[in-house]
Each structure stands twice: as structure tokens, then as C-alpha cells.
Amino acid sequence: MSTRIYKLGRLAILQLLCLLVLESCEKSKKANDTEQPQILKDNYVAILDSIVPILISEYDAPSAGVSVIRNGQISFVKVYGEHQKGKSAPKNTIYNVASITKPIVATMVMKLVENGDWSLDEPLYHHYLDADVADDPRAKRITTRHCLSHTAGFKNWRWDEEDGKLNINFEPGTEFQYSGEGMELLRKALEAKFNTPLETLMDSIIFEPAGMKDVSMRWSKIDSSKFAKWYNSSGKEHNTDFRINKVNAADDILVTMADLAKFCESILNNDILNQDTYQEMSKPQSEINEKLNQGLGWVIFDENEMLGKVLNHDGGDPGVVATIILLPKYDAAIAISINSDNGANITNSIVDHVFKHGKQIIEGLHWKNSIPTKVEVGRIQLQNYSGAYQTNLGFSITFIVTEDGLMTQSDVFPKIRLWPKSENEFFPLPFELYFNFYEENNRMHVSVLNGDNELEFTGVK
């Protein structure tokens, strides 16, 4: 046998072995796919195609974008409806996902920590100190960990303070208080340390490695014809200027559903962060309430053994409702974006329908208590509650009878479906509120209570 023939034969054998290994791996992968416990219903695609068009019509929302990760891989990306009135939404519709910006930016920060270029616990004043709190000694104790776990002591935004200035309301690290200001303080410290804009850091550390090509931190870098404009609870376009060019670490990332899916996929598969960094990021750092904890960028629900640890972040601004839900135990995730004030009922209805334990996911993430059992209330009784009510907060809200409950309608309050908990008490699915109807002085009244039994508002018909 000549040397040349021997080499060719050996090469052929190696190629055959490679093919056999690849085939074996593929069979193993398929077997694992079959064996992997599933949290998504088997027919979730058909369910989405069936219910989403109905939901966006029912809630006067122009469009809904949905991405699904199954077995650690992107398995579904679709945009339904019109991203701008009269224009069919393309698959690469660009959504502003509001506060979902926070966990995406947090992931970039954690990568810097993983690389040894940044510290979770070094005081940020070494790099940047806000003038509003420069004279407060507690400002010199604020760290990246505090900002990512919302324990820096700030309110959400400085304009929430009576004096309109940034204030530290408690000792950093001792309490949870959701704050965009903390993320912005972190951004300024990062930019000062690296002498690099946040968007440049995001491009090189997150967007490019994750293959996210249709994402931006500012308006000037996107195709405005693909943007999902914002619409209010009456289905009318918001007159708010959505062309936001100021980069913000807490808000306003512009992204397609495909790129949002790539981000979710990279988190589940440890493609950007290694396992140790992911574990640190998804570890409870502060307590939001009895059910929920705050990690480093993520909200964490881990009290349901069947679900395992659930990572979540929502986004909400005028005309913007978005959510990301990661279920690492099942290598599954869902991302949903709605360009309407009425999006909460849509996002939660989708979760309820496509996940096998959707109700438990919603209850864990959005309810302090348990979601009540629905009861039947007669149509005559529902008619007694229907009509327009003037609230003590100065807005009007109308209750419309549906086939099995009530629907709200208002220019300022979201359109939500209300299910009967009892003959005169109703609740929505997206968040824990209780609408109590009662008659007083021959007039029908409504009082709205939260999960702590605190009064939110009242109304009279």
C-alpha cells in the first residue's frame, strides 16, 4: 500500500468516525430533547397563533411580539398585528422594552466583574460622585452590588423627591427600593472608569457576542419605519416623544424580538457569563416582598419547587408593556412586548395559556397572595355594577359586562378583564387588585384595594 493511499484511507476513516460521532451526538440531543421535562405546552405555537390576535383586538393593542426559548434554543419568534396603525408589523419590529434594559445592562456589568475589570463591592465614588449627595457620607458606601440589587437608598427617579434632587433615604444595603437612579449612577461610574460610553461597552460585551444586530441604546441608530409606536388605553397614539436619544442604563433599549430571544438564550446557556457569574447574578440579594427577591439585575421567584428558580424583569412606560421570564430548570424562556398601555392583560394571558403551570408563574411574580378561584355571577348582578364611575383621583372608569365578568374602560386606566371572586368582589389576572362594589345612598360605589388591603382609589356611579 502506498503512503498516499494509506493517508487517504486514514483520512476517510477519520471522516467516517466524525460523521458517526456527529450522528450519535444528534441522536443524543434528540433523546435529551425528548427526555427534558417541558414547561411549555406541546401545542404552544398553535395556541399563540390562536389567542394573540384575539387578545390584541380585545385590548385595543396594535401589536404583540413573542419570543420563546425551548430546550435552550430559540424556537419561536413572531410579531402579530400592526406596529403602527395601518402598517402590518414586520418580524423585525423594533420595540422599546423600557426597564428590561436593567438586566441587560446588569449582564454587561457582571461580565466586567467576571473578567476582573470591575468590582461588585468597590465604592462607586472612587469613579463618580453625584453632586446632589456629595455631602452625605452614605454616598461613599454605595457599590455596584447596591445599584444592581436596588438597595442604594434612592427613589426610582430624583424627580420623585419633593426637592427634585437625588437623596439617600436609608443606609445602602439595608432595604429594597426600586431605582433607576442607581443604574444611572452605575453608568456614570463605568463611563468615568473606562472613558467609554455605555453603548460602546454594551456593543462589544453583550450585543456582538450574543449576535444581537437589531438593538440600540438610542433612537438615532434605528430604522424608525420598523418602530412599534406607543398607544394609550383607548387605542390612540401617545403624544409622548418616543425618539429618545439619551442613553440610559435603566430604560429605553430598542430591540427586536429576535434579538431579545438571543439575549435570553445566551443567559440560559452561559454563552456570555460563566456558571459562577450566573449563579452570583441570580442569587437573592434583597427582599422585595414575602415571595420575591431581587438579584443582580433580575427579580427572583424560587418558592415553587415545580417551577424551580424563575428569573424575571418587566418593562413599563406609557405605551410600553414588556416582560422576560426565564425558567432555567426547563431551559425555557419567553419574551413578550406590547406597544400599548393595555399590555399587562395580554402578557399574562399568554403566559397563562402557553405554560403548563402558567397560573403559578403569574401568581409568583405578580401576586403577594394567591390568585382567587373564579366564581359565577349572574348577568343581572353584573349589569348592576356596569357603567361609568367618577373616581376620587379625578378620572373616570367604566365597567362593561363580558360573558363571565367585567372589563374596564378608561382614558388613563388600563383596559383589564375582571373575574368575580365573590358576588361583589372582582380581580384582574396581571396584578393583585380587588374591586369591591357596594350600594350606598342609592348609588353604586367601587373601592379598589391592593394585596396589602390598602385603598388605591374609590369611585361612584
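Please refer to the structure higher up on the page.
Residues numbered from 1 in each chain as written. Predicted model: local features only at pLDDT ≥ 70, side-chain atom pairs only at ≥ 80, totals over all residues. Heavy atoms only, no water.

Enquirer: Is there a simple way to explain the side chain of His238 in this structure?
Expert: Note on placement: His238 falls in the loop between strand 5 (215-216) and strand 6 (254-256). Setting aside its immediate chain neighbours within four residues, His238 contacts Trp230, Tyr231, Asn232, Pro318, Gly319 and Asp341. (Helix = DSSP H or I, 4+ residues; strand = E, 2+ residues; numbered from the N terminus. Contact = heavy atoms within 4.5 Å.)

Enquirer: Would you mind going over the packing of helix 3 (residues 101-114) against helix 7 (residues 257-268) with me for this structure?
Expert: Angle between the axes and distance between the axes: these two values describe a pair of packed helices. Their axes nearest at 12 Å, the elements helix 3 and helix 7 cross at an angle of 45°. Taken together, helix 3 and helix 7 sit at an angle that is classed as oblique. Where helix 3 crosses over helix 7, the two elements pack in a sense that is left-handed. Contact residues: helix 3 offers Pro103, Ile104 and Thr107, while helix 7 offers Leu260, Phe263 and Ile267. Here the contact of helix 3 with helix 7 is composed, by residue class, of five nonpolar, one polar and no charged. (Axes fitted to C-alpha atoms, helices over the stretch in contact; angles between N-to-C directions. Parallel < 35°, antiparallel > 145°, perpendicular 65-115°, else oblique. Left-handed = near helix turned anticlockwise from the far one by under 90°. Nonpolar A, V, L, I, M, F, W, Y, C, P; charged D, E, K, R; others polar.)

Enquirer: Looking at this structure, how should I read the sheet that holds strand 11 (residues 320-327)?
Expert: Spatially, 3-2-1-12-11-10-9-8-7 is the arrangement adopted by the nine strands of the open sheet, whose pairing is antiparallel. Two strands lie at the open edges of the sheet, namely strand 3 (87-88) and strand 7 (286-287), each paired on one side alone. Bridging between strand 1 (residues 63-70) and strand 12 (residues 332-338) involves six bridges; their strand directions are antiparallel. Within the sheet, the bridge partner assigned to Ile69 lies in strand 12 and is Ala333. On the sheet, helix 9 (residues 343-354) packs against strand 1, strand 11 and strand 12 and is oriented at approximately 155° with respect to strand 12. (Pairing = 2+ DSSP bridges.)

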